[in-house]
Structures are given as structure tokens and as C-alpha cells.
Amino acid sequence: MTEQASPDGLAEQLRAARQWAGITQEQLAGLSTVSVRAIRDLEQGRVRHPRRETLRLLAGAMRLSDARRAALELAVEGAEAGTVMREAYGAELAPPPKPLRRLVGRAEELRSLTGLLATENERLLSVVGLAGVGKTRLAQEAALLLHGRDRTPVVWVDMDEAAPPASGPAGTRSPRSALTGWARSLALGGRGLDELASVIRGRATLLVLDGHDTTPHITPPLLELLHVCEHLKVLITTREPHRTPGNRMLPLGPLPVPDPEPSDGTGTPQPGASLTAGQPAVELMLSYVGHMRPDLMPGDSLVRTVVHLSRALDGVPRAMEAAASWLLLRSPAELLRIALTAPLDVVDDVTAGETGGEGLAALLSAAVHRLDDGPAALLGDLSLLPDGWSADQAAAGLSTPPAAVVRDVHALMLRGLVRRLPGEEDGTPRFGVLNLVRQLAAERAAQLVPAAALVSS
């Protein structure tokens, strides 16, 4: 595959690299043994086909990284993208995105995910869960650990973003955009297998497809890439399970939420008990509140309100962050009253209409409406039950075969609509429907009733 580029692309890349190095044309000439005139001609776009040795001398004099060297070579008209990136490919050329915030409350999930990525047997993994639950952030942390510890190249593809243009503003395509472009095309069933495989070859690599929600199956070209590149691992974050043999699915639920008050089991608060210790959802919600309203003192009253808010919003990080933005307009007590009765009214940021993209409320609604009729009807029934039911109790109450209930509850848990609750005193798993989707579940179930009545008539 050949990447065509204009000489202006090389000129811009070379000027940017020299300015990044902080040297003049004369200084670069002295360091590289390339004449000032030749450097000036290159930077003014007069040279279309510089010798590779000239670029090597200039890159060495400016102490460019492998990624910058590759970008410089790809800016030359007629440069072979595959050849250039094979030589430059490594951890520096393919890093994961750096998160802006620390990871909160996901130590066990991170340990499980990195443990699976470290094994030779697991090469295709999917982190599955509700929108806004933190799948991307968990994948980032795992990728950063592999990249930093093992110097593993990470090809990170944001599947929600539009595919980058074949060339940038100056007619060039960066090495990273070429890698992600090939990977995105493969994930969607398109071309790029030969190009990407020739770059990765036998090198241990992590390919992350973040937000791959468009298809329920892994495409044949992506599976072929896994077969060709024996040390490649693919990590997918998705709201819908990818049903492909060999795909290890890791359900990611919301952060654990506490009881309203720490107690001794009788409902009586323990003296001196902390409302935040070991409670990642409360800790995260308090941080959001503090950032939005630094004037609010974190006393017992506010902390208790935050505990109730984190419970009402199910410990979903995106929902809690969006709700905190409404504190510009409402008091914590007012916000809690809304969250308890109509939580979907506060799960989108106050600027949601200005930023574009789907809000969390719409994504939650879509998750419920994508359900098949059987799980959708069960979810509607379960939403009427108080938290803490077991699968056998649900089956008995609904006069439904236990095997069918277990199957559908499993499907609902994979999508994050039902969560497993802590405190299994008798060893029986207990469950609850998320507060955020109870009303949506009831509405979807109600839509099924007329259809069922029509069939029976």
C-alpha cells in the first residue's frame, strides 16, 4: 500500500520537527552535515524526493523519536507506509491514550483483566457493560500497565469517532492514524489485513477497539488478523455482547453502592462509622460534588445526601458526574429528590444539548429497547420487585421455569441492567434492577402486552 503525499507535507513535518528540537537551520546543518541550502529547499517544499540518507541524517541530528522519524518519512511522496512503520513499530509509535483522572474502585476488575491479558490462552476479550459504567477507563488502565511494564505496543481505536481522512491538512497521514485506520476497517469487515499484519508480524501487540457496538459478531478479517499475528491480543469494550467462539466476556457492573447508613445489622448506625471508607461510589460522587461546588462543606449532612445520591444513580460514574453538574442550579437536597423519583432527568450534563452526541438517558433507553421480547418482559416484571431477589424467588413469583429466568437474568446482567448485590449470607446470589432503568423497563414491558394480546386473539 502506498501513501501519496505532497511535498508541502514533508516541508511542514520538517519545520515542525526542527522547531520542536529548538534549533535553527544553520544549527541543523552543522549537526547533520546537510547543507543549509538543502534544508531550506526541503522546508520550502522545493524537493519532492529527498534521499532517505538525508532524512536519516536530519532525524538523527534533531534526535527525533521513532514515531517522528516515521511521520517524516511518510510525508515523502511515494513512501511505502508498511515499510516505514515496520521499521519504526514499537511501544513509542503505538501508545494508549493517557487518562485525565485516576481509576477509582476497580482494583479487582483491573487485576482480572490484566491477568487475562498476560496469559497466552486468552487473545480475544470483551469488557461488556452499560453505557457510562467505565469500560473505556478500565481498558485504558490495563493498556497503560502493559505498555509501561512490558513495552507492548497498543493500537487504540475509538470506534465512536469517524474514520480519519486519508491525509492530514498538509496531505500527510501520520503513522498512528494509518494503524488505527487499518484496524477500524478490519473491525467493520473492510480492508487492511495485509497492511496491519505486515507491521505487527510476530510482535506482541494489544489492539483495543473501544466502543465497538455496531455488530454482535467479530468480523472474519479481524479473526484472520488474530490467526496471522500469533502474539496479538484484541480487547473490545462494548455495550452489547460479541457472540464469537473464543471471545472471553468480562461483564463490568456499576461501582458498589453502600447502604444508606453503616450499621451493625439492626439498622442502627455504628458510632464513628465512616460513610465513605471503602465506598468508591461515594468517594467518586463526593469528588464530582467538590469540583462543581467547592463552597459546599463536606459535613455529615452533605455526605449522607451524597450516599443516597450514589445509590439512586446506581454507582454509574457517568450518571453521577452528570448529576453533579446540576448542582449549579439545584441544592444537594433538591437534586436527591429528583434522582429518587426521576433519575433520568439528571443523568445528562446541563450542557448535553450543546456538546452533541447521545446523552446517557438516550443510551439507557436504547439498551432496554434492544432487548429481545423475553428478557424485556422479565426485566419489566423484575423492576417491580424490591432489591434482593434470587433467581428461584423470581421464577416462583412469576410462575416461570427457573431455567428460563436464569438464562434471561444472565443476559440482563451481561448488559448491566441487572446487578448482583453483596451480602449473600446464605450463599444464594441476590440481584436487583438498576434504578436508572426501572421506568424504562416498565414502559418497554407495557409495549409487549398489546402485541401478546393480538397474537392470542
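**Describing the pairing of strand E7 (residues 430-433)**
Here is step 1: Both faces of E7 are covered, namely the face carrying Arg430 and Gly432 and the face carrying Phe431 and Val433.
Here is step 2: One ladder, built from four bridges, connects strand E6 (residues 418-421) with E7; its direction is antiparallel. Residue pairing across strands places valine 418 opposite valine 433, the latter belonging to E7.

**What to know about the nonpolar core**
Here is step 1: Ranked by size, the top nonpolar core spans 56 residues in total, and within it Leu313, Leu379 and Leu417 carry the most contacts.
Here is step 2: Setting aside its immediate chain neighbours within four residues, leucine 379 contacts Val368, Leu371, Leu412, Leu417, Val418, Val433 and Ala441.
Here is step 3: One finds Met159, Trp182, Ala197 and Leu225 within the second-largest nonpolar core, a separate group that totals 27 residues.

**Concerning the pairing of strand E2 (residues 154-158)**
Here is step 1: Extensive coverage of E2 is indicated by the burial of four of its five residues.
Here is step 2: Pairing of E2 with strand E3 (residues 205-210) involves five bridges; the strand directions are parallel. Paired with tryptophan 156 across the two strands is valine 208, which belongs to E3.

**Describing helix H10 (residues 193-200)**
Here is step 1: Looking at H10, one finds that the buried residues are Leu196, Ala197, Val199 and Ile200. Around the axis of H10, the buried residues are gathered within 160° of arc, so they sit on the same side.
Here is step 2: Remark: arginine 201 follows H10 within two positions and exhibits a positive phi of approximately 45°.

**So, helix H14 (residues 317-325)**
Here is step 1: Counting buried positions along H14 yields seven of nine residues, so the element is predominantly enclosed.
Here is step 2: Within H14, the full set of buried residues consists of Pro317, Ala319, Met320, Ala322, Ala323, Ala324 and Ser325.

**Describing the packing of aromatic side chains**
Here is step 1: Using the criterion set out here, one finds one aromatic pair in the structure.
Here is step 2: Measuring from centroid to centroid gives 5.5 Å for tryptophan 389 and phenylalanine 431, while their planes differ by 40°, and the two rings are tilted. With tryptophan 389 in the loop between helix H18 (373-382) and helix H19 (391-398) and phenylalanine 431 in strand E7, this residue pair connects regions lying 42 residues apart in the sequence. Accessibility assignment for this pair places tryptophan 389 and phenylalanine 431 in one class, buried.

**Notes on the packing of helix H12 (residues 280-292) against H14**
Here is step 1: Remark: H12 packs on H14, axes separated minimally by 9 Å, with the N-to-C direction vectors making an angle of 30°. Between H12 and H14, the interaxial angle falls into the category roughly parallel. Our pair here, H12 against H14, has a crossing hand that is right-handed. Residues Ala281, Leu284, Met285, Tyr288, Val289 and Met292 of H12 touch H14, and the partners they reach there are Pro317, Met320, Glu321, Ala323, Ala324 and Ser325.
Here is step 2: For the contact of H12 with H14, the residue count by class is 10 nonpolar, one polar and one charged.

**Things to note about the layout of surface pockets**
Here is step 1: Considered as a void within the structure, the largest pocket measures approximately 1,500 Å³ in volume.
Here is step 2: Along its surface, the largest pocket is lined by 48 residues, and Arg101, Gly132, Thr136, Arg318 and Glu321 are the ones closest to its centre.
Here is step 3: Elements that contribute at least two residues to the lining of the largest pocket include exactly helix H8 (135-150), strand E4 (232-238), H12, H14 and helix H16 (352-355).
Here is step 4: When grouped by side-chain class, the residues that make up the lining of the largest pocket number 16 nonpolar, 15 polar and 17 charged.
Here is step 5: Here the second largest pocket defines a volume of roughly 930 Å³.

**Points about the environment of glutamate 92**
Here is step 1: Tracing the chain through its elements places glutamate 92 in the loop between helix H6 (81-88) and helix H7 (107-118).
Here is step 2: Residue glutamate 92 is classed as partly exposed on the basis of its relative accessible area, which comes to 36%.

**Concerning the packing of H7 against H8**
Here is step 1: At a closest axis distance of 10 Å, the pairing of H7 and H8 adopts a crossing angle of 50°. As summarised for this structure, H7 and H8 are arranged oblique, according to the angle between their axes. Every pair of crossing elements has a handedness; the one defined by H7 and H8 is right-handed. Judged by residue contacts, Glu109, Leu110, Leu113, Thr114 and Leu117 of H7 engage Leu138, Glu141, Ala142, Leu145 and Leu146 from H8.

Each value, and the rule that gives it
Residues numbered from 1 in each chain as written. Predicted model: local features only at pLDDT ≥ 70, side-chain atom pairs only at ≥ 80, totals over all residues. Heavy atoms only, no water. Buried < 20%, exposed > 50% of the residue type's maximum accessible area, 1.4 Å probe, protein only. Helix = DSSP H or I, 4+ residues; strand = E, 2+ residues; numbered from the N terminus. Pairing = 2+ DSSP bridges. Core = buried A, V, L, I, M, F, W, Y, C linked by side-chain atoms within 4.5 Å. Contact = heavy atoms within 4.5 Å. Arc of directions from axis to C-beta. Phe/Tyr/Trp six-rings, centres within 6.5 Å; stacked < 30°, edge-to-face > 60°. Axes fitted to C-alpha atoms, helices over the stretch in contact; angles between N-to-C directions. Parallel < 35°, antiparallel > 145°, perpendicular 65-115°, else oblique. Left-handed = near helix turned anticlockwise from the far one by under 90°. Nonpolar A, V, L, I, M, F, W, Y, C, P; charged D, E, K, R; others polar. 1 Å grid on protein atoms, 1.4 Å probe; cavity = no way out; pocket = protein on both sides within 12 Å on 5 of 7 lines; lining within 4 Å. Points joined across faces, edges and corners; volume = space filled by probe spheres on them.

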